[in-house]
Amino acid sequence: MTILGNSGLVLNEKLLFEHSDPGRKGYSLPKLDVPEAALPAELCRDEIAGFPELSEVDVVRHFTRLSTWNYGVDSGFYPLGSCTMKYNPKVNEIAARLPGLADLHPATPPHLAQGILELMDKLQTSLAEVSGFARVTLQPAAGAHGELAGMLVIRAWHEARNSTRSKVLIPDTAHGTNPATATLAGYDVVPIASEGILTLEEVESHMDDDVAALMVTNPNTLGLFESNIEEICKLVHDRGGLVYCDGANLNALMGIARPGDMGIDVMHFNLHKTFSTPHGGGGPGAGPVGVTEELIPYLPGPGVERVGDEYRFETDNAESIGRLLAFHGNVGIMVRAYSYIRSMGGAGLKHASEMAVLNANYIRARLEGVYELPYKNRSLHEVIFSDKDLEGGCHTLDVAKRLIDYGYHPPTIYFPLVVKGAIMIEPTETESPDVLDEFCDAMIAIAGEARDNPDLLLKAPMRSKVRRLDETTAARKPRLKWEASE
Amino acid sequence: MRYIPHTAADVSEMLERIGVKNLEDLFVEVPGSVRLKRPLDLPEALSETELLRELKKLAAKNATPSTHMSFLGGGAYHHFSPAAIDLLVSRSEFYTAYTPYQPEISQGTLQAIFEFQTMICQLTGMDVANASMYDGASACAEAVLMAVRLTRRKRVLLSRALNPRYRATVATYCLYLDLELIDVAVADDGRTDLKDLAAKLDNSTAAVVAGYPNYFGVVEDLAMLSERAHEAGARMVAAVAEPVALGLLKPPGELGADIVAGDGQSFGLPLAYGGPYVGFFTVRQKDLRAMPGRLVGETTDLDGQRGFVLTLSTREQHIRREKATSNICSNQGLCALVTTIFMSLLGKQGLREMAGQNLAKAAYARQQLAGVKGFSLVFDGPSFNEFVVRSVEPVADVLGRLEKSGILGGIALGDDYPELADCFLVCVTEQNQRSEIDALVAALQGGAA
């Protein structure tokens, strides 16, 4: 087996502020071609204390060195469950940087922005087709932002019907953003238990006249399809509620099944997961939201619409929940997602979902028996193991850290909360079986090391820029910025 | 498909290992009744060449500073962005990584965020900055929610001179939280009206929110606003949509602000029709644990080396769930990196020089425009790089006429401010050459003649 992790020359690098030298500069501006002007002195600050003074080469070398301490999808396999770390196509980056798209001011009159509006209209139409919803808004900036939009839309629908329902049902497998969002929409959260998947009985036992909505994730965070979804949606609807779907895991379903056809009323997409836009070290993403016909009037706005051959912003949106951002959303991310959808076509998207599911099931087949598999239902795009069978006093965290030495980004760990010591692996479709085999070999080797030489896990990682970090002290005595006195 | 490596042989070998006959068998848990029984109705896949051809066609239909002279601002600004920035953030170790959950292999992102937090604190004069928010408007909304949490009060005063898109975003976030949002009038100088503020402030007020500079480009008397807010036990929220101004202006932290929320787009991010931009969010040390968003802190590893980690996450949704300080998960990491590199390159002198150029160009434009018959300046408060112009000729006609001369002359204010229906907002940055300002003036004169 090849161990990918190895030590090249890793260069140290100080903080920017520790490099700074008075008088250095890393920029040039044209000479001022108008007379100087001044503000009243009482409005003006002194120089910005502590701000760095660096040459361009100082700055370039600094950030280049920093970049080498990171691990990205381009560095290697990144099986972070529920995050869909698929390959980010390069042409999408070129597309987003086309000057006609990148340099366009958001207040440009719509008749001078027809190209971007056309792209946005086509993207929202394409997302509606993939998901089975009547309409999609592109405004939300991230998944959690889309959740907020969706839950506010649900609330607005209830308010319009003079319904004062106060509760939202959320399964225990849900992302933490779901309950946090429900609270932000003014709802009380009622957690409900699942047995891998939600049962009709469990939902029924909580579904009363005070429940505004059920929030589900489908496939859920265990990588399992909620097979009772149609019956559950019907039940919730019959009792006057709506169903929200967290679309984080849509990568399993493109061209296979559409949430809008299952009875779901609202769903957010994660363009940075399913539609290949880069995760950027933690954003920017984009979280468009699809809804059924009935909920269209409440969508955040103004949205883009096509009238004849012209694209424009809607004007009739009295019932809209309003805007969630200063402008029209993360348009640069929309361009990348549109570029992806056009590169893949409908058949290509379906193929992506099939290969994503194939890859997850292949990993499952190779690791079952080595790691405990808590749920036996057929997996979709991700598979969850636990550390129950691990020997040598090692735990999930230790497996994760040891994987770093083997050259992999670890899977999502300790989530979902319902599985003790969860190891959540989502390979995505862009990995070949060769990569999966090497990864599985590493996972199997690590289970053996736990038994024979647990120190290899407990002291891991050994090959990374830094070793395990003291997170307790970081939280107890927070140092959240550099200070000159140091 | 070039992004998917599987050959037909791969697929059959993998299916065999899994123990199923075909791909269809992998989807047994998806009931037939919800299966899509037709192909997705999307246009056929394009090659790279075809794709770029199509996108260039779309891009060519948009007006940008290379096709039009632009005086558009209003929360998004056309500024100089050093070439090194895009090349550095194009390093895929930065842009193809995710949130730094595994600090040992994410030190690049973590150290850069730590540097971002530091520089945002230096810039705003505040104690603590988080790792970023979506944009200035949503950061402003989060600031309001935080002030409400801290004060347990229900009334929020928003200056009418605060960017109307920020006000609208605050309203959306607060829709169902049983809060009272009240507008504070604008005085003749374009600043928030202190008399109206005094009349509306009471001991149920959680926050006073004002732009700095405000939407009209005018510099608020932030010290006075903070003083009034504090007298009533409310928090002062300063919203900074144009951070270049902080190269010259006193930092809000010196003027009593409790929370400073703003947008970093001016610091190197492309206009991109409104996003992705990046929100910044800063607070006083004492309020640290009530703040939303991710935080990076310094620590050491097992060998005693300096390193950085995500910290104080017990405030956040993945731990606290429904009791979290916000539902925000990731932020705008790569955009924060752009602003970090921008601030590093511009540095202490550069930001001041850039701010000075904005001030001088806008002052020149103000002076020139004030001399054109039929046009006048509306507010006389001190202003930075934007100002409001009143026109005798209907605003739509003026802007339409300028457009024919290849000029995007400004933003009409009537939709957001009915009382300013005869006005438009003009923005002048260091990117506008004197010849462009002169062309704007000449075009306006042309119509009056």
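Residues numbered from 1 in each chain as written. Chains lettered and ligands numbered in written order. Predicted model: local features only at pLDDT ≥ 70, side-chain atom pairs only at ≥ 80, totals over all residues.

On to helix α11 (residues 333-370) of chain B. With 38 residues, α11 of chain B should reach 56 Å at 1.5 Å per residue; the first-to-last C-alpha distance of 42 Å falls well below that figure. At G347 of chain B, α11 of chain B is bent by approximately 95°, the largest bend along its length. (Helix = DSSP H or I, 4+ residues; strand = E, 2+ residues; numbered from the N terminus. Expected span 1.5 Å × (residues − 1). Bend = angle between axes of the 7 residues up to and from the residue.)

With 18 residues, helix α6 (residues 143-160) of chain A extends 26 Å between its outermost C-alpha atoms, agreeing within 8% with the 26 Å of an ideal straight helix rising 1.5 Å per residue. One or two steps after α6 of chain A, the chain reaches N162 of chain A, where phi turns positive at roughly 55°.

Turning our eyes to something else, we now look at the sheet that holds strand β10 (residues 383-385) of chain A. All names here are of chain A. An order of β10-β12-β11 is seen for the three strands of this open sheet, with the pairing classed as antiparallel. Edge positions in the sheet fall to β10 and β11 (412-413), since each has one partner strand and no second. For β10 and strand β12 (residues 423-425), the ladder comprises three bridges, and the chain directions are antiparallel. Bridge pairing in β12 places V383 opposite I425. (Pairing = 2+ DSSP bridges.)

Let's shift gears to the domain arrangement of chain B. Residues and elements named next belong to chain B. Considered domain by domain, chain B is made up of domain 1 (69-81 + 348-448) and domain 2 (84-342). A C-alpha centroid distance of 27 Å is found between domain 1 and domain 2. Contacts between the two partners involve 25 residues from domain 1 and, on the opposite side, 26 residues from domain 2. Contributing elements (two or more residues each) for the side of domain 1 that touches domain 2: α11 and β12 (386-391). The dominant element in the side of domain 1 that touches domain 2, judged by the number of residues it contributes, is α11, at seven residues. In terms of residue class, the side of domain 1 that touches domain 2 is built from twelve nonpolar, nine polar and four charged. (Domains from an automatic or database assignment. Contact = placed C-beta atoms within 7 Å. Nonpolar A, V, L, I, M, F, W, Y, C, P; charged D, E, K, R; others polar.)

A few words now on the packing of helix α5 (residues 114-131) of chain A against helix α2 (residues 48-60) of chain B. In contact at an axis separation of 6 Å, α5 of chain A and α2 of chain B are set at 130° when each is read in the N-to-C sense. With respect to α2 of chain B, the element α5 of chain A is oriented oblique. Residue-level inspection shows G115, E118 and L119 of chain A of α5 of chain A in contact with α2 of chain B, the latter providing L58, A59 and A60 of chain B. Along the lines of polarity and charge, the residues of the contact of α5 of chain A with α2 of chain B split into four nonpolar, one polar and one charged. (Axes fitted to C-alpha atoms, helices over the stretch in contact; angles between N-to-C directions. Parallel < 35°, antiparallel > 145°, perpendicular 65-115°, else oblique.)

Residues and elements named next belong to chain A. Split into domains, chain A comes out as domain 1 (91-343) and domain 2 (351-472). Domain 1 and domain 2 are separated by 31 Å when their C-alpha centres are compared. With 16 residues of domain 1 at the interface, the matching set in domain 2 holds 17 residues. The class makeup of the residues in the side of domain 1 that touches domain 2 is eight nonpolar, seven polar and one charged.

Taken together, the 171 residues of chain A in the interface contact 162 residues of chain B. At 23 residues, helix α10 (residues 331-367) of chain A tops the list of elements feeding residues into the side of chain A that touches chain B. Residues that form the side of chain A that touches chain B fall into these classes: 93 nonpolar, 48 polar and 30 charged.

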